[in-house]
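# Structural overview
Now for the letters of each chain:
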Amino acid sequence: MHITIKRPDDWHLHLRDGAMMKAVLPETTRDFARAIIMPNLVPPVVTQTDAKAYRQRIMDAVPDGAAFEPLMTLYLTEATDPGDVVAAHQNGTIKAVKLYPAGATTNSASGVTNMDRVMPVLEAMADAGIPLCCHGEVTDAEIDIFDREAVFIERVLAPLRTRLPDLKVIMEHVTTKDGVDYIGETEKNLAGTITTHHLIINRNHILVGGIKPHYYCLPVAKRELHRIALRKAATSGDGRYFLGTDSAPHIDPLKENACGCAGCFTATNTMSCLAHVFEQENALDRLEAFTSLNGPAYYGLPVNQSTLTLEKTDTPVTYPVKIETGEGHVTVFDPGFDLHWRVA
Ligand code: DOR
Ligand code: ZN
């Protein structure tokens, strides 16, 4: 048994830089043609000049024979120049701008503390048709971490979309039924990416029987009812949902730590995991929409010409437990069950 789909794209990916990037990039280029590259480096990718230089470093690291196009983003700060953003989009350097509420996640200290301060940039983006990728969590200390996505929708996203209905928004790594419902109510200018790991784990996987640092990511996995809603959305074929793995490598000592970093590294086995999930949901015929069709349609890009074939295997497919990066080991996401779909 096998299925052939248009080659997938990853609409949310962390590649980092330097030795780490060189080590993790082949894990993505093996199966994916393009990826939206997150700009949360230290220091972040904030200007057109930064994005061009980072893009070149990625291109220099693409393995021989691989065809891969990094789709660059800029990190929105309160000092971002609207003119630079519009020029970067017009000349093809960037495909989107990323909103990190300050303090929401890894390397988000330069993010936005007050949406009013970035209104001129967002207005220019709405006029120019530049998509805004949102890390959709509020950071207020009094908001429970499991509620931060729902409160972001209510306090930040809904008012923003009322104010700028022409702004094209991507609610990234949706983790709640609230997020799915909000996207599902919307006809225009809103889509959501869903990660591989949020289709597989709920918060029990992180906490029951001992803390599992490799399942800790942000937004944190929620209750089972939310995972079920995400599965329904991802496997629905609905064009508003597409894959953004949020594959986010951290070396083991920084994950297995008294204050461990957030991020699941799923690049290596994402397509096997997704085929498993879609088969469980009787939706293998809709895998292609999620991984290869809906994303390009929303971003206004062509679908990839090349294809990828997944084949079902009797014996489980094995993947490396860890990737060596030169900076240390990065643990590959363990779905917690045997995988029987292999990329041919
Ligand atoms: O789990 C996460 N890891 N969530 C993010 O938003 C950032 C990412 C990272 O950069 O490590
Ligand atoms: Zn991310």
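Everything discussed here concerns the structure shown above.
What counts as what
- Residues numbered from 1 in each chain as written.
- Chains lettered and ligands numbered in written order.
- Predicted model: local features only at pLDDT ≥ 70, side-chain atom pairs only at ≥ 80, totals over all residues.
- Heavy atoms only, no water.
- Helix = DSSP H or I, 4+ residues; strand = E, 2+ residues; numbered from the N terminus.
- Rg over C-alpha atoms; globule rule 2.2 N^0.38 Å.
- Buried < 20%, exposed > 50% of the residue type's maximum accessible area, 1.4 Å probe, protein only.
- Contact = heavy atoms within 4.5 Å.
- Lys, Arg positive; Asp, Glu negative; His and termini not counted.
- Charge placed at Lys NZ, Arg CZ, Asp CG, Glu CD.
- Polar contact = N/O pair within 3.5 Å; in protein donor to acceptor, adjacent residues only side chain to side chain.
- Pairing = 2+ DSSP bridges.
- Axes fitted to C-alpha atoms, helices over the stretch in contact; angles between N-to-C directions.
- Donors = N, O, S within 2.8 Å, 3.2 Å for Na, K, Ca; no water.
- Near = heavy atom within 4 Å.
- Nonpolar A, V, L, I, M, F, W, Y, C, P; charged D, E, K, R; others polar.
- Phe/Tyr/Trp six-rings, centres within 6.5 Å; stacked < 30°, edge-to-face > 60°.
- Lys NZ or Arg CZ within 6 Å of the ring centre and 35° of its normal.

## Examining the overall build of the protein
The number of helices and strands found in the protein is 11 helices and 13 strands. On C-alpha atoms alone, the protein measures out to a radius of gyration of 19 Å, which is about the 20 Å that the 2.2 N^0.38 rule sets for 344 residues. For the protein, the C-alpha atoms occupy an extent of roughly 55 × 45 × 40 Å along the three principal directions. Within the protein, the proportion of its 344 residues that are buried is 57%. Across the protein, the fraction of contacts at a sequence separation of at least 24, relative to all contacts at a separation of at least 6, is 73%. Each charge class in the protein can be summarised by its mean position, and for the 32 positive and 43 negative side chains these summaries are 2 Å apart.

## Regarding the environment of Arg161
Note that Arg161 resides in helix H5 (residues 148-163). Here Arg161 falls in the buried class, since its relative accessible area comes to 15%. The spacing of Arg161 and Asn189 is 28 residues in sequence and 8.8 Å in space, taken between C-alpha atoms. Apart from residues no more than four positions distant in its own chain, Arg161 is found in contact with Val169, Tyr182, Thr186, Lys188, Asn189 and Leu190. Among the polar contacts made by the side chain of Arg161, one reaches the main-chain carbonyl oxygen of Lys188 at a distance of 3.2 Å.

## Quick look at the sheet that holds strand E1 (residues 2-6)
Strand pairing in a sheet takes place through backbone hydrogen bonds and is either antiparallel or parallel in direction. Pairing in this open sheet of 3 strands is antiparallel, and the strands run E1-E10-E13 from one edge to the other. With one partner strand each, in any of the chains shown, E1 and strand E13 (341-343) form the two edges of the open sheet. On average, adjacent strands in this sheet sit at an angle of 25 degrees to one another, irrespective of strand direction. Two strands pair when backbone bridges link them, and E1 and strand E10 (residues 307-312) are joined in this way by 5 bridges, in the antiparallel orientation.

## Points about the coordination of the zinc ion (ligand 2)
Around the zinc ion (ligand 2), the protein contributes the donor atoms His12 (NE2), His14 (NE2) and Asp246 (OD), at 2.1 Å from the metal centre. Counting residues between consecutive donors of the zinc ion (ligand 2) along the chain gives the motif H-x1-H-x231-D. Of this pair, His14 sits in the loop between strand E2 (9-13) and helix H1 (18-29) while Asp246 sits in the loop between strand E9 (241-243) and helix H9 (252-255); the two residues are 232 residues apart in sequence, bridging distant segments of the chain.

## A word on the site of ligand 1
The environment of ligand 1 is made up of 13 residues, and the closest members are Arg16, Asn40, Thr105, Leu218 and His250. The contact in question runs from an oxygen atom of ligand 1 to an N or O atom on the side chain of His14, over 3.3 Å. Arg16 is positioned with one of its side-chain polar atoms (N or O) 2.8 Å from an oxygen atom of ligand 1. Looking at side-chain class alone, the shell around ligand 1 contains 4 nonpolar, 7 polar and 2 charged residues.

## Description of helix H10 (residues 270-280)
Within H10, 9 of the 11 residues are buried, leaving the element largely enclosed by the surrounding structure. If you check which residues of H10 are buried, you get Thr270, Met271, Ser272, Cys273, Leu274, Ala275, His276, Val277 and Phe278. Its buried side turned inward, H10 meets E1, helix H8 (224-234), E9, helix H11 (287-299), E10 and E13. Looking at the residues trailing H10, positive phi occurs at Asn282, about 50 degrees.

## Observations concerning the packing of aromatic side chains
Following the criterion strictly, the structure yields 8 aromatic pairs and no others. Between Phe242 and Tyr299, the aromatic rings sit 6.4 Å apart at their centres with planes inclined by 65 degrees, giving edge-to-face as the arrangement. In this pair, Phe242 is assigned in strand E9 and Tyr299 in helix H11, connecting sequence segments 57 residues apart. Taken individually, Phe242 and Tyr299 each receive the classification buried, so the pair is uniform in this respect. Site record: aromatic cluster; members linked through ring pairs are Trp11, Phe242, Tyr298 and Tyr299. Against the face of Tyr298 rests Lys168, its NZ or CZ located 4.2 Å from the ring centre. The ring of Phe146 has Arg203 lying over it, and the distance from NZ or CZ to the ring centre is 4.6 Å.

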